Amino acid sequence: TTPQLLASKRVVITAGPTVEAIDPVRYLSNHSSGKMGFALARACVAAGAEVILIAGGKVALPTPLNVTRIDVLSAKDMLIAAQQCVDGTHSELQLDLEDEHDHSHEHAHEHNHSHTHEHHHSDCGCGDEHELPQAYTEHQFVKADIFIATAAVADYRTIDAAPQKIKKTQDAMNLSLVKNPDILATISLAHPELFVVGFAAETQDVERYARGKLAAKALDMIACNDVSRADIGFASDDNAMQVFFSERYERDAITLDKASKDKIAEQLASIIGETIAQ
Ligand code: C5P
């Protein structure tokens with residue numbers, strides 16, 4: 001049995017890509033599979049945590065057992081969902097405690113849509129006012145203890161998605177893009193008491209860039225992989241990581257040798273539990 005290092009902790013995890021609409025039928029996205037975030041959700045549940053998993057884009061993975069899953073598309077919606085989950089103001093309608101193998105999140109999703117008539121607006125810090133992605137109506141006010149950002153958030157989105165399908169009448173066209181909010185930095189800076197974990201994919205100078213992000217985004221811990229290696233990362237089932245900590249923990253960096261994302265996730269969940277207990 002797994003040591004219950006995260007017993008009674010509430011963990012919010014972002015996973016997968018984000019999808020940024022160009023028009024009603026087209027979007028900008030990336031190849032993130034969501035595997036690392038889903039593996040972490042499983043590992044945190046096994047370590048005793050209560051887990052809310054915010055999946056961006058169209059992650060085609062089954063919802064892990066005993067995990068509350070919230071599906072969003074864009075970075076803006078992911079930020080709203082993350083803020084509400086961290087503050088504990090998301091809706092109970094998102095609860096999904098069905099079996100991991102039955103794609104029950106699809107049903108949960110349909111169920112949600114039937115409750116999504118009430119529109120709310122929120123100022124998430126991205127500069128625009130916009131509707132919430134789901135029906136966030138029932139307030140629980142149970143704040144999260146840990147926030148883990150594994151999502152591969154699109155760096156840019158279209159300024160405005162075209163309301164109708166864009167026609168191929170012109171020989172050339174330009175897309176105007178605007179920077180997306182940094183979900184991890186926004187959440188971290190707004191919640192100094194939250195234990196915040198970031199991920200980074202680097203191709204060189206892994207430690208220097210990782211420590212830079214640790215400081216810039218006010219993280220407690222960052223896990224990095226070297227994506228110049230073909231055998232790990234993104235769609236791969238394997239990963240290898242270096243973990244760095246905020247100076248306040250006086251913890252040395254940890255190297256996790258190449259292993260399945262499930263094994264890496266178990267190790268990361270233990271490391272988070274040990275660090276919080278310090
Ligand atoms: O700055 P960079 O994109 O390399 O940072 C990666 C980390 O920041 C990951 O943990 C990722 O989930 C998070 N991130 C985010 N929102 C963004 C960009 C990155 O949460 N817009």
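Residues numbered from 1 in each chain as written. Predicted model: local features only at pLDDT ≥ 70, side-chain atom pairs only at ≥ 80, totals over all residues.

Labelled according to an unreviewed UniProt entry, the protein chain appears under the name Coenzyme A biosynthesis bifunctional protein CoaBC, originating from Psychrobacter piscatorii.

Structural notes on the overall build of the protein chain
Let me state the cut-off plainly: For helices the rule is a DSSP run of H or I covering at least 4 residues; for strands it is a run of E covering at least 2, with both sets numbered from the N terminus onward. Remark: C-beta atoms are placed from the backbone, and a residue is labelled buried if 20 or more other C-beta atoms sit within 10 Å of its own, exposed if 12 or fewer do, or partly exposed between those counts.
When helices and strands are tallied, the protein chain shows 6 helices and 14 strands. Among the 278 residues that make up the protein chain, the fraction classed as buried is 43%.

Concerning the UniProt feature "binding site: CTP" (unreviewed entry) in the protein chain
To keep things clear, this is the line we draw: UniProt positions are given in the numbering used here, feature names are shortened, and annotations may be inferred rather than shown by experiment. Our contact criterion uses C-beta atoms placed from the backbone: two residues qualify when those atoms are within 7 Å.
Sites flagged by UniProt as "binding site: CTP" (unreviewed entry) map to D155, K165, P181, D182, I183, L184, F199, K213 and K217. Considering the C-alpha atoms alone, the annotated residues occupy 63 residues of sequence and remain spread out, their largest mutual distance being 38.4 Å. Relative to the assigned elements, K165 resides in the loop between strand 9 (156-158) and strand 10 (177-179). Take K165: there are 11 C-beta atoms within 10 Å of it, and that puts it in the exposed class. Contacts of K165, omitting those with residues within four sequence positions, involve D23, P24 and V25. Take P181: it is sitting in the loop between strand 10 and helix 4 (183-190).

A look at the sheet that holds strand 1 (residues 10-15)
To keep it simple, the criterion reads: Strands pair, by our definition, only if DSSP identifies at least two bridges between them. Axis lines are fitted through C-alpha atoms, for helices just across the contact stretch, and the angle between N-to-C directions can take any value from 0 to 180 degrees.
With respect to topology, 8 strands assemble into an open sheet ordered 5-4-1-8-11-12-13-14, the strand pairing being mixed. Either end of the sheet is taken by a strand with one partner, and the two such strands are strand 5 (67-71) and strand 14 (254-260). When strand polarity is set aside, the average angle formed by the axes of neighbouring strands in this sheet is 20°. Here 5 bridges tie strand 4 (residues 50-55) to strand 5, and the two strands are oriented parallel to one another. Within strand 5, the position partnered with V51 by the bridge is V67. Contacting strand 11 (195-202), strand 12 (221-226) and strand 13 (238-245), helix 5 (residues 206-216) crosses the sheet at an angle of about 145° to strand 11.

As for helix 1 (residues 35-46)
In an α-helix there are 3.6 residues to a turn, and that puts residues three or four apart on one side. Basically, it comes down to this: Given a helix with a known number of residues, its expected span is that number minus one, times 1.5 Å.
Helix length check: helix 1 (12 residues) gives 16 Å between terminal C-alpha atoms against 16 Å at 1.5 Å per residue, within 8%. Extensive coverage of helix 1 is indicated by the burial of 12 of its 12 residues. Close packing links the buried residues of helix 1 with strand 1, strand 4, strand 5, strand 8 (146-149), strand 13 and helix 6 (261-277). Looking one or two residues beyond helix 1, the residue adopting positive phi is G48, at roughly 100°.

A word on the site of the ligand
Definition in use: Being near a molecule or strand means, for a residue, that its C-beta atom, positioned from the backbone, comes within 6 Å of it. Under the grouping applied here, Gly and all other residues not named as nonpolar or charged are polar, the nonpolar ones being Ala, Val, Leu, Ile, Met, Phe, Trp, Tyr, Cys and Pro and the charged ones Asp, Glu, Lys and Arg.
Neighbouring the ligand are 14 residues, the closest being A149, V153, I183, L184 and G198. Residue assignment for the shell around the ligand shows that the elements contributing at least two residues are helix 4 and strand 11. Per element, the largest residue contribution to the shell around the ligand is 3 residues, and it comes from strand 11. Classifying every residue of the shell around the ligand gives 8 nonpolar, 4 polar and 2 charged.

A short note on the packing of helix 2 (residues 75-87) against helix 4
Keep this limit in mind: Should an angle lie under 35 degrees it is considered roughly parallel, over 145 roughly antiparallel, and from 65 to 115 roughly perpendicular; all remaining angles are considered oblique. Handedness of a crossing follows from how the near helix is turned relative to the far one, being left-handed for an anticlockwise turn of less than a right angle and right-handed for a clockwise one.
Look at helix 2 against helix 4: their axes get within 10 Å of each other, and the N-to-C directions meet at 25°. As summarised for this structure, helix 2 and helix 4 are arranged roughly parallel, according to the angle between their axes. In this structure, helix 2 meets helix 4 at a crossing whose hand is right-handed. Residues A75, M78, L79, A82, Q83 and V86 of helix 2 form the contact with helix 4, whose participating residues are I183, T186 and I187. Partitioned by chemical class, the residues of the contact of helix 2 with helix 4 number 7 nonpolar, 2 polar and no charged.

A closer look at the confidence of the model for the protein chain
The condition that has to hold: Per-residue confidence from the predictor is reported as pLDDT, which spans 0 to 100.
Mean pLDDT over the protein chain: 84, with 80% of residues reaching 70 or higher. Note that residues 93-124 has pLDDT below 50 and, in this model, 52 contacts with residues that lie over four places away or in other chains. Counting contacts from residues 132-139, a segment whose pLDDT is below 50, to residues more than four positions away or on other chains yields 28 contacts. Listed scores for the predicted complex are pTM 0.84 and ipTM 0.99.

As for the pairing of strand 2 (residues 20-23)
Sheet analysis places strand 2 next to strand 3 (residues 26-28), joined by 3 bridges and oriented antiparallel. For A21, the partnering residue across the bridge sits in strand 3 and is Y27.

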